[in-house]
Each structure stands twice: as C-alpha cells, then as structure tokens.
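Topology and contacts: notes
One-letter residues, chain by chain:
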Amino acid sequence: AVLFLVILFLLVHQVKTLKELQKSKERILKISRTDGLTQLYNRQFWQECMQQEFERLLRYGKSEASLIIFDIDHFKSVNDTYGHNGGDAALKTVASVIKHEIRDTDIAGRFGGEEFVILLPETNKEEAFVLAERLRVAIQNTATTHGEHIIKFTTSIGLAPFSEELNTAMLWLEQADKALYLAKNSGRNNTQIA
C-alpha cells in the first residue's frame, strides 16, 4: 500500500511537472512571436505568416487576400515633443485600435518602429480599402493620453491586393509599401491602393 501511494504521488507530481513545462513552452513560443510593446505579432513571425498565405494563394489560385502597411504620420515629432514614452503610448494606442478593428482571421504585426502591417486573408481590395479607411479614421479619432498630455496623430496607409503576377511574398509587400509612399506623398492621412 505504501509503495502504491509513493508511485501515485510520483505520477501526480510528474503530470503536474509536464503541465507546467507545457505552459512554459507556450509562454516562450508566444514571447518569441510577439512584439513586447504592442502585443501584436513581431516582424519575423508576421513575415512567416505572410509567406505561408502567399504560398497558399499561389497553390489554390482562386482565393483573394490583401496586405495593408501603414505608419504614424510625423512620428518623429511625437517622440521629440512627448519623449519616447509618449511615442510608446501612441504605438500602444494604434495596436489597441488595430485589435479592435480587425477580424480574428486577420494577422496584424508591428513591422518596425512606427510601422504596422495587416494580412487580410479572403479579402479583396475593395473590402480591404473599407477596413483601411475605418482603421485610419478610428486612429485619427483616438487620442493617446501621456501624463497630462493628449496626443493626437494620423496615419498613412498603403494597400496591395494579392496578384498571381507577383513572384514572391516580398514583392507583394513591396507593392503595399509603394502604396504607403504614395499615401505619404499625397498629403498623408489617407489610404492608397497599389
């Protein structure tokens, strides 16, 4: 009976240890995929998702998808005026708006600095444009509070629908980036389609 209790205790302890290890593994995986400040996907993991979606689109052909890339207009002046903590508050605000506006199937990430990306599976350019504009207006109408300061800012957005003519996922991203620069050169605070 004592041996049975010892074995039972060891089994319970081992199961508990395995569960703790699994939770630790899941936490480490999440940390490795997530931008620490915004809690969106980090650039590396987001690009892996984009590559997988691109390959899926090439394979099945009839699917649609769109990419959005955008950044905060004149972000340097936000940092210069309110400090890096003020800039961080602005980035967190943008991430919060993104999470609120996108679908569960959409894949959003912080691409770097003040630049964000969203992959929209099963979304044509018209539908993506509607989301991009809704996102742009929501960010424009959302103020960030930092200490006693209220920080308001806008975004410029570039959008690129998937095309079978694109040879690589990076070319798809470059198309969205070209649209972003068109938005910036068109006075900022607008959305342009590649």
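This text goes with the structure placed above it.
1. Notes on the pattern of salt bridges
This structure, assessed with the given rule, holds nine salt bridges. Of the charged contacts in the structure, one is a salt bridge between Glu53 and Arg56, with a shortest N-O distance of 2.7 Å. Separated by three residues within a single helix, Glu53 and Arg56 lie in helix α2 (residues 43-60), roughly one turn from each other. A residue is classified by how much of its surface remains accessible, and Glu53, at 8% relative accessible area, is buried. Across the pair Asp73 and Arg188 runs a salt bridge, and its minimum N-O distance is 4.0 Å.

2. Looking at a nonpolar patch on the surface
Together, Val2, Val6, Phe9 and Leu10 line one region of the surface with nonpolar side chains, adding up to about 420 Å² of accessible area. Along the chain, Leu10 turns up in helix α1 (residues 2-33).

3. Quick notes on the pairing of strand β2 (residues 107-112)
Most of β2 is tucked away, with five of its six residues classed as buried. Sheet analysis places β2 next to strand β3 (residues 115-121), joined by five bridges and oriented antiparallel. In the sheet register, Ala108 faces β3, and the bridge partner there is Ile118. Here β2 folds back onto β3 in antiparallel fashion, the turn holding two residues, of which Gly113 has a positive phi close to 55°.

What counts, and at which threshold
- Residues numbered from 1 in each chain as written.
- Predicted model: local features only at pLDDT ≥ 70, side-chain atom pairs only at ≥ 80, totals over all residues.
- Heavy atoms only, no water.
- Salt bridge = Lys/Arg side-chain N within 4 Å of Asp/Glu carboxyl O.
- Helix = DSSP H or I, 4+ residues; strand = E, 2+ residues; numbered from the N terminus.
- Buried < 20%, exposed > 50% of the residue type's maximum accessible area, 1.4 Å probe, protein only.
- Patch = residues over 30% accessible without salt bridge, like charges linked within 9 Å, V, L, I, M, F, W, Y side chains within 5 Å.
- Areas by Shrake-Rupley, 256 points an atom, 1.4 Å probe, with all protein chains shown as cover.
- Pairing = 2+ DSSP bridges.

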